[in-house]
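What the coordinates show
Chain by chain, the residues run as shown.
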Amino acid sequence: MKRNSIAGIKVGQLEERVMGVLLNVQRPLTGREIHDGLGEPRRAYTTVMTILNRLVEKGLVNRANEDGVFRYSVIGGIDRLAAKEIDRLLATSEDPRRVLMYFVDEIHDETLLAELAELIERQQDS
């Protein structure tokens, strides 16, 4: 079985497909909606629920009880997952500061650079 990772967390193929359904819809879904959204090949509903429980345990998916119905959503959405992946990559470096410097040096969007500078300044002031 092929293993991929999302935000540095190992996931199986079905876990990745479930995450894809959640990311494509971008709103909390019930287990049934996720099951139906997977399409072919059909999986047992209980299998999909097991996968959802695993994704909750891995910290990738949130489960919320709304009026007695569990709804699932990606924690923080795609941007938060990307940030977690960057954090994981920085943790593998001997010099995360240098990695960030290289990264920022590759940004050619003046607006984004100004926003980053403002964010850093606010972070330092707090």
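Check the entry above for the structure.
Presented here is an overview of the structure given in this document. Everything numeric in this text was worked out from a predicted model, so none of it was measured.

Regular strands have side chains that alternate between both faces of the sheet. One ladder, built from six bridges, connects strand S4 (residues 61–66) with strand S5 (residues 69–74); its direction is antiparallel. The residue of S5 that forms the bridge with alanine 64 is arginine 71. Here S4 folds back onto S5, and the loop between the two strands holds two residues, one of which, aspartate 67, carries a positive phi near 55°.

What follows deals with the environment of glycine 77. Checked against the element boundaries, glycine 77 lands in helix H4 (residues 77–91). Between the C-alpha atom of glycine 77 and that of glutamate 40, which follows or precedes it by 37 residues, the distance is 25 Å.

For threonine 30, the position within the fold is in strand S3 (residues 29–30). In this view, threonine 30 contacts Val69, Phe70, Arg71 and Tyr72; residues no more than four positions away in its chain are not counted.

On to a nonpolar patch on the surface. Residues Leu100, Phe103 and Val104 make up a contiguous nonpolar surface patch of roughly 260 Å² in combined accessible area. Mapping valine 104 onto the fold places it in helix H5 (residues 96–105). Assessed through its relative accessible area of 38%, valine 104 is described here as partly exposed.

A separate point is the packing of aromatic side chains. Evaluation of the coordinates by the stated rule reveals zero aromatic pairs. The side chain of arginine 32 reaches across the aromatic face of tyrosine 45, ending 4.1 Å from its centre. Sitting over the ring of phenylalanine 70, arginine 63 keeps its end group 5.8 Å from the ring centre.

Procedures and definitions
Per-chain numbering applies: the sequence of each chain, read as written, is numbered from 1 onward. Where local features are concerned, this predicted model is filtered to residues with pLDDT of at least 70; where side-chain atom pairs are given and counted, the filter is 80 or more; whole-chain, interface and lining totals use all residues. Derived side-chain values reflect all non-hydrogen atoms in the structure, with water molecules and hydrogen atoms excluded from consideration. A pair of strands counts as paired when DSSP detects no fewer than two bridges linking them. Only DSSP runs of H or I reaching four residues or more are called helices, and only runs of E reaching two or more are called strands; each is numbered from the N terminus. Two residues qualify as a contact provided that any one of their heavy atoms is within 4.5 Å of a heavy atom in the partner residue. Residues enter a patch when their relative accessible area is above 30% and they make no salt bridge; the linking distance is 9 Å between like charges and 5 Å between nonpolar side chains (Val, Leu, Ile, Met, Phe, Trp, Tyr). In these tables, accessible area is a Shrake-Rupley quantity obtained with a 1.4 Å probe, and a residue counts as shielded only by the protein chains included in the view. By definition, a salt bridge exists where a carboxyl oxygen of Asp or Glu is found within 4 Å of a side-chain nitrogen of Lys or Arg. Residue burial is assigned from relative accessible area. The probe radius is 1.4 Å, only protein chains are included, and a residue is buried under 20% of its type maximum, exposed over 50%, and partly exposed in between. When two rings of Phe, Tyr or Trp (its six-membered ring) have centres within 6.5 Å they constitute a pair, described as stacked for plane angles under 30 degrees, edge-to-face for angles over 60, and tilted for the intermediate range. Each ring is checked for a lysine NZ or an arginine CZ that lies within 6 Å of its centre and within 35 degrees of its normal; such an atom marks a charge sitting over the ring.

Honestly, that's just the spatial picture; any functional story needs more than this.
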